[in-house]
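# An overview of the molecular structure
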Amino acid sequence: LDAALAEGEVLYFSGITLAILEGEGCHTLLQALAAARAAGRVVAFDPNLRPRLWPDTATMRRAVMDAARISDIVLPSHEDEAVHFGDSDPQATLARYLAAGARTVIVKNGAGAIHYSHDGATGQVQPETVTSVVDTTAAGDSFNAGFFASLGRGGDVEAAIRDAARVAAAVIGGKGALVPVQALGLPVQGA
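Residues numbered from 1 in each chain as written. Predicted model: local features only at pLDDT ≥ 70, side-chain atom pairs only at ≥ 80, totals over all residues. Heavy atoms only, no water.

### Some points on the nonpolar core
Condition: In plain words, nonpolar cores are sets of buried Ala, Val, Leu, Ile, Met, Phe, Trp, Tyr and Cys residues tied together by side-chain atoms within 4.5 Å. We call a residue buried when its accessible area falls under 20% of the maximum for its residue type, exposed when it is over 50%, and partly exposed in between, using a 1.4 Å probe and counting protein chains only. Strands here mean DSSP runs of E at least two residues long; helices mean DSSP runs of H or I at least four residues long; both are numbered from the N terminus.
Counting residues in each nonpolar core, the largest one holds 30 residues, and the members touching the most others are F13, L18, L30, L33, F45, V64 and Y97. Breaking this core down by element, the ones donating at least two residues are strand 1 (10-14), helix 2 (15-20), helix 3 (25-38), strand 2 (42-46), helix 4 (57-69), helix 6 (90-100) and strand 4 (104-107).

Structure (structure tokens):
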């Protein structure tokens, strides 16, 4: 595990990852990620709350907050956070993860404004209206991929959020989790 984590600059995991680990697996992973963060790696976490994968909601909430405490970037979805943590609005979700120690929090919010805090700046980005929703499979994962790709190209956080929303919109506009890269409307390396 340590060797695998030493290879990446950004280490990304989700609440699903934590939920499927047996025994001490969750604790072991979080310890390894904390050590990687201390060694200069960026740790990114999407809570991706799926209560059916957990023995109970309290265990899920505890594990998610433990993960947030060792993460630089947290990418929650407000709708899930409202149901399982009781967050009244996206700002409450943002505040909870910042208080846990995350440096960047991007709160996905369906068609609503995406709330963020990044490098001390906070704000909201209203995504473009999505006119066709065919299949929401992988909407959050697509958003995250678009965000990391855009931010990695040196974009500012608001541009990265807009790009991420466009990627998610393209994915939910088609059946399944994969769409042709040209449909994303983003610059493609080498093109």
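On we go from here.
### A look at helix 5 (residues 78-85)
Spelled out, the test is: It is the directions from the helix axis to the C-beta atoms that the arc portrays. Contact between two residues is taken to exist if any of their heavy atoms lie within 4.5 Å; hydrogens are not considered.
Among all positions of helix 5, only H78, E81, H84 and F85 are buried. Viewed along the axis of helix 5, the buried residues span an arc of 140 degrees, placing them on a single side of the element. For helix 5, the exposed residues lying more than 90 degrees away from the buried face are E79 and V83. Among the structural elements, helix 4, helix 6 and strand 4 are those in contact with the buried residues of helix 5. Looking at the residues trailing helix 5, positive phi occurs at G86, about 75 degrees.

### Notes on the sheet that holds strand 6 (residues 121-125)
Note the cut-off: Pairing between strands is defined by DSSP: at least two bridges between the two strands are required. For helices, the fitted line uses only the C-alpha atoms of the stretch in contact; every axis is such a line through C-alpha atoms, and the angle between N-to-C directions lies from 0 to 180 degrees.
An order of 1-2-3-4-5-6 is seen for the 6 strands of this open sheet, with the pairing classed as mixed. Sheet topology places strand 1 and strand 6 at the edges, where each strand pairs with a single neighbour. Bridge count between strand 4 and strand 5 (residues 114-118): 3 bridges; the pairing is antiparallel. When the bridges of strand 5 are listed, V107 appears paired with H115. The strands touched by helix 3 within the sheet are strand 1 and strand 2, with strand 1 carrying the most contacts at an inclination of about 155 degrees.

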